[in-house]
Amino acid sequence: MSDALCPLCGRPLGTLHVDRHHLIPKTYKGREQFDIHKICHQKIHSTLTEHELFKSFHTWEALRQHDDIRAFIAWVAKKEPSYFSRNVRSNNKKR
């Protein structure tokens, strides 16, 4: 079992349901990748567009300050690190 923590929610990563996230999207030439819970990764991409990620949310601190992400982190903090469920696309992103 990994001792690493998810850079978004701060829970232990473990070995199940782990993805890699580019803080700067690949579309914008981002290369550096970080291990992150799959559910956290899906929340980021269901909430923010790649353009928003590139322009304003390309640091962990900025992501954690977004209202929807902050509420998600408070909710997921009560879950086991291996918890996974599909996120529903944000209404804001649908527009």
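In what follows, the accompanying structure is described. (Residues numbered from 1 in each chain as written. Predicted model: local features only at pLDDT ≥ 70, side-chain atom pairs only at ≥ 80, totals over all residues. Heavy atoms only, no water.)

1. Here we look at the packing of aromatic side chains
Note the threshold: Note on ring pairs: Phe, Tyr and Trp rings are taken, using the six-membered ring of Trp, and paired if centres are within 6.5 Å. Classes follow the plane angle, with under 30 degrees stacked, over 60 edge-to-face and the rest tilted. Strands are runs of DSSP state E lasting at least 2 residues, helices are runs of H or I lasting at least 4, and numbering of each runs from the N terminus. Relative accessibility thresholds used throughout: buried, under 20% of the residue-type maximum; exposed, over 50%; partly exposed, between the two (1.4 Å probe, protein chains only). For a lysine, the NZ atom is tested; for an arginine, the CZ atom; a charge sits over a ring if that atom is within 6 Å of the ring centre and within 35 degrees of the ring normal.
Scanning all chains against the criterion turns up four aromatic pairs. The interplanar angle of 5 degrees and the centroid separation of 4.2 Å between the aromatic rings of Y28 and F54 together place this pair among those described as stacked. One end of the pair, Y28, is in the loop between β1 (18–22) and β2 (33–37); the other, F54, is in helix α2 (residues 50–55), with 26 residues separating them in the sequence. You can call F54 partly exposed: its relative accessible area is 30%. Judged by centre distance (6.0 Å) and plane angle (40 degrees), the ring pair of F72 and W75 falls under tilted. Linking F72 with W75, this pair stays in helix α4 (residues 67–76), spanning three residues, or about one helical turn. Judged by its relative accessible area of 5%, F72 falls in the buried class. Under the relative-accessibility criterion, W75 is labelled partly exposed at 37%. An aromatic cluster of three or more residues is present, and its members are F72, W75 and Y83. Over the aromatic face of Y83 sits the side chain of K79, whose NZ or CZ is 5.0 Å from the ring centroid.

2. Re the pattern of salt bridges
To keep it simple, the criterion reads: Take a side-chain nitrogen of Lys or Arg and a carboxyl oxygen of Asp or Glu: if they are within 4 Å of each other, that pair is a salt bridge.
With the rule as written, the count across this model stands at three salt bridges. With its nearest N and O atoms 2.7 Å apart, the salt bridge here joins R20 to D35. Here D35 lies in strand β2 and R20 lies in strand β1, a separation of 15 residues in the sequence. D35 gets classed as partly exposed once you look at its relative accessible area, which sits at 35%. The partner of R64 in a salt bridge is E61, with the nearest N and O atoms 3.7 Å apart. Placement of both R64 and E61 in helix α3 (residues 60–65) is noted, with a separation of three residues, approximately one turn of the helix.

3. Here we look at helix α1 (residues 38–47)
The buried fraction of α1 is high, at seven of ten residues. Buried residues of α1: I39, C40, H41, K43, I44, S46 and T47, and no others.

4. Side note on the environment of H17
Stated precisely, the cut-off is as follows: The contact definition used throughout considers only heavy atoms, calling two residues in contact when any of these lie within 4.5 Å.
In this structure, H17 sits in the segment before β1. Separated by 66 residues in sequence, H17 and Y83 have C-alpha atoms that sit 8.0 Å apart. Excluding residues within four positions of it along the chain, H17 makes contact with I36, H37, K38, S82 and F84.

Note that every value here comes from positions in space, so none of it alone points to a role or purpose.
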